[in-house]
Amino acid sequence: MLGITRGIRFAAVLASSLLLGTVAACGSSSETATPAASAPAAPPAGTTAPAAAFPVTIEHKFGSTTIPAAPQRIFTVGLTDQDAAIALGVVPVGTTNWFGGFPGAIGPWATPKLNGAPVPTLLEDPGTGPQVEKIAALKPDLILALYAGLTKEQYETLSKFAPVVAQPAAYNDYGIPWQEQTLITGKALGKEAEAKTLVNEVETKFKTMAAEHPEFAGKKAVVATPYEGFFVYGSQDTRSRNLVSLGFSLPSDLDSVIGDQFGASISKERSDLLDQDLIIWTVPDTKKDVETLHKDAVYKDMKVVAEGREVFIGESTNYGVAFSFVTVLSLPYVLDRLVPQLAQAVDGDPATTVEPAAD
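Residues numbered from 1 in each chain as written. Predicted model: local features only at pLDDT ≥ 70, side-chain atom pairs only at ≥ 80, totals over all residues. Heavy atoms only, no water.

Asker: Go over unusual backbone geometry with me, naming the residues and quoting the values.
Answerer: Omega for the peptide link from Phe54 to Pro55 comes to 0°, which places this bond in the cis form. In this fold, Pro55 is placed in the loop between helix H1 (6-12) and strand E1 (56-60). We note that Tyr174 has phi near 60°; this positive angle belongs to a residue other than glycine. In this structure, Tyr174 sits in the loop between strand E7 (164-165) and helix H5 (178-188). Even without being a glycine, Val326 presents a positive backbone phi close to 50°. (Helix = DSSP H or I, 4+ residues; strand = E, 2+ residues; numbered from the N terminus.)

As structure tokens, this is what we get:
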């Protein structure tokens with residue numbers, strides 16, 4: 001990622017977690033906010049869960065957290081957790097800045113779901129963790145830290161003034177799948193049924209698009225970004241998982257090179273990981289960075305370049321930010337733009353141009 005360190009934006013975007021982590025410091029954003037098409041319907045903002053749904057207890061990396069009553073004031077430490085809450089009709093009182101430059105860290109795909117609610121207070125993570133005093137001043141009754149990398153010390157500090165739901169133990173930090181993020185948020189808000197419906201709607205969209213493009217099936221693909229050389233996302237990164245959901249497969253030795261993390265910069269000796277049936281690059285500048293990559297002595301002569309099997313996404317565009325957010329709200333926005341590009345890139349004809357997507 002960049003803003004919390006260009007590293008967090010990578011963990012989460014890597015500047016790009018599709019595409020995918022905030023493996024970096026916050027990047028700039030496009031000023032045009034285009035509402036997302038085909039986003040799942042959301043309950044009206046401010047709707048509350050029935051009291052019978054509480055208390056609820058949620059397991060996570062540091063143990064378990066019990067939420068005694070329906071939360072009214074949520075703060076999201078997780079870099080993308082606001083989307084799941086907003087999709088369920090609860091607008092946070094505060095969010096954590098990642099990248100994109102959107103007011104309240106609410107992207108254009110999520111803005112229509114605010115339904116008139118105030119934009120959340122936006123706080124920075126300076127790279128040393130959440131700003132505890134400023135979060136406490138917002139008087140939250142729940143802190144969500146799902147798409148996050150809280151340490152045990154940070155978790156214990158935040159837990160002194162509100163229940164904290166930290167990242168699940170089953171996944172790497174910044175590695176929670178969007179489905180789990182949505183379902184856990186639904187449980188925390190007492191809206192499990194609504195959360196399941198939202199997940200089913202987006203999963204159906206994935207299945208429909210995969211069925212419409214049987215040419216994706218079995219083709220090897222990777223997501224990368226030119227950070228500290230070549231940074232490649234592993235199988236636990238949300239961007240990589242989305243390719244698998246569309247029918248692609250990942251290189252069999254990907255994780256043996258990446259290690260137990262969402263992604264890593266690879267050595268020149270393992271640059272072969274880039275030469276797949278498809279590569280998606282998230283880059284700061286889709287003109288300058290493409291030219292630089294195509295002049296790179298290691299990369300320029302690969303078949304993936306010669307055969308035009310590349311998709312380039314500007315990481316600070318609305319589309320690029322949405323690609324790395326990977327949430328129940330951003331995914332419909334992304335899929336409508338990404339899938340046509342993937343089809344152009346893998347059609348087997350080097351002369352086919354991969355057209356820029358609408359922002």
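Read on for the rest.
Asker: So what's going on with the sheet that holds strand E10 (residues 263-266)? Which residues, and what values?
Answerer: In a beta sheet, neighbouring strands pair by backbone hydrogen bonds and run either parallel or antiparallel. One open sheet holds the five strands; their spatial order is E10-E9-E8-E11-E12, and the pairing between them is mixed. In the strand order of this sheet, the two ends are held by E10 and strand E12 (310-314), each with one partner. Pairwise comparison of adjacent strand axes, ignoring direction, gives a mean angle of 30° for this sheet. Two strands pair when backbone bridges link them, and strand E11 (residues 278-283) and E12 are joined in this way by five bridges, in the parallel orientation. Considered in E12, the bridge of Ile280 is made with Val311. Relative to strand E8 (residues 221-225), helix H7 (residues 238-245) is tilted by about 155°, and along the sheet it contacts E8, strand E9 (230-233) and E11. (Pairing = 2+ DSSP bridges. Axes fitted to C-alpha atoms, helices over the stretch in contact; angles between N-to-C directions. Contact = heavy atoms within 4.5 Å.)

Asker: Which residues make up the environment of Glu180, and what values do they have?
Answerer: By the secondary structure assignment, Glu180 is in helix H5. Taking the C-alpha atoms as reference points, Glu180 and Pro168, twelve residues apart in sequence, are found 9.0 Å from one another.

Asker: Quick one: what's the story with H5, residue by residue and with numbers?
Answerer: One turn of an α-helix holds 3.6 residues; hence residues three or four places apart share an orientation. Of all eleven residues that make up H5, eight are buried, and the element is covered over most of its length. Listed as buried for H5 are Trp178, Gln179, Gln181, Thr182, Ile184, Thr185, Gly186 and Ala188. Within two residues after H5, Gly190 carries a phi angle of roughly 75°, on the positive side. (Buried < 20%, exposed > 50% of the residue type's maximum accessible area, 1.4 Å probe, protein only.)

Asker: Help me get a handle on H7, residues and values and all.
Answerer: Three or more residues of H7 are buried, namely Thr238, Arg239, Ser240, Asn242 and Leu243. Two residues or fewer past H7, Gly247 is found with a positive phi of approximately 110°.

Asker: Break down the sheet that holds strand E3 (residues 74-76) for me, citing the residues and quoting the values.
Answerer: Reading across the sheet, the five strands line up as E5-E4-E3-E6-E7 and stay open at both edges, with parallel pairing between neighbours. Where the open sheet ends on each side, the last strands, each with one partner, are strand E5 (121-123) and E7. Taken together, the three bridges between E3 and strand E6 (residues 142-144) define a ladder with parallel strand orientation. Looking at E6, one finds that Phe75 is bridged to Ile143.

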